[in-house]
Amino acid sequence: MFKIGVIGDEISQDFQTVVNVAKELNLDSIEIRSVWDKPPQELTETDIDEMKRILDGTGVQIVGIASPFFKCDIDNPQERQEHLGILKRCIEVAKAFDINLIRTFVFWKTNNVEERWDEIIGAYDEPVRLASGEGMILGMENEASTSLSTAKLTERFIREIDSPNIRAIWDPANEAHSEGETPYPNAYERLKPLMVHAHLKDAGENPETGEMESVPVGEGVIDWQGQLQAFVDDGYEGHLCLETHWRPTSKIEDDLLNRPGGTAFSEAGEEASRICLQNLFGMIEKLR
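Structure report, in brief. Quick caveat: nothing in here was measured; it's all calculated off a predicted structure.

The rules behind the values
- Residues numbered from 1 in each chain as written.
- Predicted model: local features only at pLDDT ≥ 70, side-chain atom pairs only at ≥ 80, totals over all residues.
- Heavy atoms only, no water.
- Buried < 20%, exposed > 50% of the residue type's maximum accessible area, 1.4 Å probe, protein only.
- Helix = DSSP H or I, 4+ residues; strand = E, 2+ residues; numbered from the N terminus.
- Pairing = 2+ DSSP bridges.
- Axes fitted to C-alpha atoms, helices over the stretch in contact; angles between N-to-C directions.
- Contact = heavy atoms within 4.5 Å.
- Polar contact = N/O pair within 3.5 Å; in protein donor to acceptor, adjacent residues only side chain to side chain.
- Expected span 1.5 Å × (residues − 1).

Where burial is concerned, the two faces of strand β10 (residues 239–242) agree: the one with H239 and C241 and the one with L240 and L242 are both buried. Of the strand pairs in this sheet, strand β1 (residues 3–7) and β10 are connected by 4 bridges, and their pairing is parallel. From the neighbouring strand, V6 faces β10, where its bridge partner is L242.

This brings us to unusual backbone geometry. In this structure, the amide linkage connecting Y184 to the following residue, P185, adopts the cis form with an omega of 15 degrees. The phi angle at D37 is positive, at roughly 65 degrees, despite the residue not being glycine. Along the chain, D37 turns up in the loop between β2 (29–32) and α2 (45–55). When its relative accessible area of 44% is taken as the criterion, D37 is described as partly exposed. Even without glycine at this site, A268 takes up a positive phi of about 65 degrees. With respect to the secondary-structure elements, A268 resides in the loop between α11 (263–266) and α12 (269–284). Judged by its relative accessible area of 23%, A268 falls in the partly exposed class.

The next point concerns the sheet that holds strand β4 (residues 101–104). Strand order in the closed barrel formed by 8 strands is β1-β2-β3-β4-β5-β6-β7-β10, with parallel pairing between adjacent strands. Between one strand and the next, the sheet's axes are offset by a mean angle of 30 degrees, whatever the strand orientation. Against the sheet, helix α8 (residues 183–191) contacts β6 (166–170) and β7 (195–200), and its axis sits at roughly 170 degrees relative to β6.

Turning next to the side chain of N142. In this fold, N142 is placed in the loop between β5 (137–141) and α6 (151–161). Of the residues examined, N142 reaches a relative accessible area of 0% and is grouped as buried. Separated by 3.0 Å, the side chain of N142 and the backbone oxygen of D171 make a polar contact. When sequence neighbours within four positions are dropped, the list of residues in contact with N142 reads L148, S149, T150, A151, T154, I169, W170, D171, N174, E175 and L191.

Turning our eyes to something else, we now look at helix α3 (residues 77–96). Residues spaced three or four apart along an α-helix point in a common direction, a consequence of the helix completing one turn every 3.6 residues. Under the 1.5 Å per step criterion, the end-to-end length of α3 is 29 Å for 20 residues, consistent within 8% with the ideal 28 Å. Where α3 is concerned, the buried positions are H83, L84, I86, L87, R89, C90, I91, V93 and A94. Tucked inside the fold, the buried residues of α3 contact α2, β3 (61–66), β4, α5 (125–134) and β5. Where α3 begins, one side-chain oxygen reaches toward the backbone nitrogen of Q78, 3.1 Å away; that side chain belongs to N76. Just downstream of α3 lies D98, where phi reads positive at about 60 degrees.

Below is the structure:
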C-alpha cells in the first residue's frame, strides 16, 4: 500500500504546525519545499536541527526535497550556474535528513522545445554527475510551465538520459493543466515504469474562463479513485504527497503557483489540505 504525505508548505510555513497536522491525520511523510519562509537551499544547520527535534518521536519522516532546481531560463548562463549551486545545497539538506529524493525541473517552457531538445538533454550532464556521485535520485515532475510539460516529454527525457539517478514524479493534475493525455490511465501508464514518487492534487475547468485551475481533490477531472486503485493493483509502495494548490478563500495567482513557497502561498493551506485529505481518505476506504 502506498504511503500518504504532504508537501509541508501546503499546510503552513511553521514546521511545528505541519508536523502536528501530520500526526493528527496519521500521515507518513512530509516533503520539504519551504519552511519558515525559506526555500530548502536556504535552510541553515540550525533550522535542520530544529526540524529534526520537532520530528523526533513522531513517526513522521521527511521523504523528499521539493527543490526549485532548473526552474530558470535556459538562455541565462548566470541563472543556470546559480541553480547548480541550489542543487548542491539541496543535496546537502537531503543527506542531513538521510534521504535521497530531490524534485527537479528542466527549465521554463519555451516555444521551441523540439528544436532545442539536444541542448536540454545536455544541460543535465552535470546534474546527473552530481546525483550519481552523491547517491541521489532527481525526480522529474511533469509540469505545464516547464520544458517537460507532459508525461510524454518527461518519459522521453528520462529514457534518453538513461540514468538510474533520474526518475519520474507523477502528477496527474499537472498533465491536465498541460493539456496532455488523459492523466489516468493513459499518461500514468506511460510514466509508471519510471515513477519513484507521486503528487496529489486535482484540476477542473473554470466555467467562466475555460481554463484549468486547482480544485479540491476528488472534485475535478482526475479519476483519482481509479488512480488510487491502480497504485494498489500495481504494488506501488512509495509516497503520495498532497500538493493541493487549491485554497478555499481565493485562487493562488499563477506566478506564485509557478514559484510556490512563503507565507502568501501557505495562506489558508491548512484548511485546504484538511479538506483534500479527508476526500482522499474517503476514496481510500473504497479501495479493493
